[in-house]
Amino acid sequence: MTLNGHKPNFRRAIDLVTELMALPGKSGQEGRVANYITEKLQAAGVPRAMIRRDAANRRTPVRGDTGNLVFVLPGNIQGPRRLLMAHMDTVPICVGSSPVRRSGFIVSSNSQRALGADDRAGCAVVLNSALEILERGLPHPPVTFCWTIQEEIGLHGARHLNHAILRKPKRAFNWDGGSWEKLTVGATGGYRMAIKIRGIASHAGGAPERGVSAIAIASLAIAELVRGGWHGQICKGSKRGTSNVGSFHGGETTNVVSDDVELKAEARSHDPQFRKRILKEIEKAFVRAAGQIKNNSGQSGSVDFDGRLDYEAFQLQKDDPSVLAAEQAVVKTGGQPVRAVANGGLDANWMVARGIPTVSLGCGQINQHMTGEALDIENFKSACRIGLFLATQAKL
Ligand SMILES: [Zn+2]
């Protein structure tokens, strides 16, 4: 079947995604990916001046080699401006991916590497939609195409995206992981913190009683969080969230009572109030643990928290026009749309926070961030149909 009379060139779409997945480009090193997309657009006749990069990479913690890439296409028919977007970076395990086709899937022939379909498949859906319009001269309302940087390390590209160059889209669609029928209409907010624990160093054999072990403080606190149900999956009455101490560094040698531990932890919940409660419980556990360990002169260690909100939770309205448009596109492609809420951040979190309600769609990625990552080709083709439909349909 065709959508709106337009059927994408699937062979070309698969070539694009295969080439994109083979390009190394972890967060902060998306330059080659941005160049590839730029060259394809130029080859389709887009003047270089219409393809812009913002300066987001100068404001992100990792100073990347490119900013977000934006191509603004004026319309030749009436209709609300729509934004099609996807992130260009992959997690580091994807660097060195060598995509090959295996029956209905694309996988990495290098089994030590993940494929990178997250999110080069999204990049390909957005790029393919642009190329179809340009090469075939399809009628289209105003469209903004955007490829973001540094999604995987904390949504930094979307956070620092220069919204002035997007030209105020009224509908917004973001392709990221998962099935083509899945529409992500909400996501948790996330908070990360560094926890610094200072103890008192002392000789572990000669005078252990004079020391205060930072490792013991950290361990007691984590044990208390686990026992109290505040670590990992958290269910308290009707409230839900997650927390994780994801890194633990400290100590040098066995003969010194360790005086310095640094932990990195995170907390997530759809409910900002509950997320704050989780953070409070984490802080309380560490402060209490620090008070429990004293040396022979009654001295104790100290704990310091340094945290920040990575992104706020969001939930789109039930009748949000972008959600309804995406549902319409899935139905027209022969699928059954499923609304979902993500347990992690998406570029959409920052788009929504900046006033652009954005629905996220999958494009066939399976087992993202793992060596077994695969791209389901039929699924990806459906996503390409949807991309072209959303880019060209006047009424959305
Ligand atoms: Zn992703």
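The rules behind each value
Residues numbered from 1 in each chain as written. Predicted model: local features only at pLDDT ≥ 70, side-chain atom pairs only at ≥ 80, totals over all residues. Domains from an automatic or database assignment. Contact = placed C-beta atoms within 7 Å. Nonpolar A, V, L, I, M, F, W, Y, C, P; charged D, E, K, R; others polar. Pairing = 2+ DSSP bridges. Helix = DSSP H or I, 4+ residues; strand = E, 2+ residues; numbered from the N terminus. Axes fitted to C-alpha atoms, helices over the stretch in contact; angles between N-to-C directions. Core = buried A, V, L, I, M, F, W, Y, C linked by C-beta atoms within 7 Å. Buried ≥ 20, exposed ≤ 12 C-beta atoms within 10 Å, placed from the backbone. Expected span 1.5 Å × (residues − 1). Parallel < 35°, antiparallel > 145°, perpendicular 65-115°, else oblique. Left-handed = near helix turned anticlockwise from the far one by under 90°.

(A) Spatial organisation of the domain arrangement of the protein chain. Domain boundaries assigned for the protein chain yield domain 1 (10-188 + 313-392) and domain 2 (189-311). Computed over C-alpha atoms only, the centres of domain 1 and domain 2 are separated by 38 Å. Across the boundary between the two partners, domain 1 contributes 10 residues, which contact eight residues of domain 2. Each residue belonging to the side of domain 1 that touches domain 2 can be placed in one class, and the counts come to four nonpolar, six polar and no charged.

(B) Focus on the sheet that holds strand E17 (residues 365-366). With antiparallel pairing, the four strands of this open sheet are ordered in space as E4-E5-E18-E17. Since the sheet does not close on itself, it has two edges, and those belong to strand E4 (99-102) and E17, each with one partner. Contacts between helix H9 (residues 377-392) and the sheet are confined to strand E5 (105-108) and strand E18 (374-376), with E18 contributing the most and set at about 60 degrees to the helix.

(C) Region of interest: the nonpolar core. Ranked by internal contacts, the top residues of the largest apolar core, which has 83 residues, are Val17, Cys123, Val126 and Leu361. No other element matches the 10 residues that helix H3 (residues 117-136) contributes to this core. Beyond its immediate chain neighbours, meaning those up to four positions away, Val126 contacts Leu84, Met85, Ala86, Phe145, Trp147, Trp175 and Gly387. Judged by nonpolar contacts, the second largest core, of 24 residues, contains Ala218, Leu263, Ile278 and Phe286.

(D) Quick peek at H9. With 16 residues, H9 should cover 22 Å at 1.5 Å per step; its first-to-last C-alpha distance of 23 Å lies within 8% of that length. Among the 16 residues in H9, 13 count as buried, and that is most of the element.

(E) Structural context of helix H6 (residues 272-292). Look at H6: 30 Å from first C-alpha to last across 21 residues, which is about the 30 Å you get at 1.5 Å a residue. Taken together, the buried residues of H6 touch strand E9 (189-198), helix H5 (214-227), strand E10 (232-236), strand E11 (239-250), strand E12 (260-269) and strand E13 (302-311).

(F) Spatial organisation of the packing of H5 against H6. Across the interface, H5 lies against H6 with an axial gap of 8 Å and an inter-helix angle of 135 degrees. With respect to H6, the element H5 is oriented oblique. Along this stretch, H5 crosses H6, giving a crossing that reads as right-handed. Residues Ile217, Leu220, Ala221, Glu224 and Leu225 of H5 form the contact with H6, whose participating residues are Ile282, Ala285, Phe286, Ala289, Ala290 and Gln292. For the contact of H5 with H6, the class distribution of residues is nine nonpolar, one polar and one charged.

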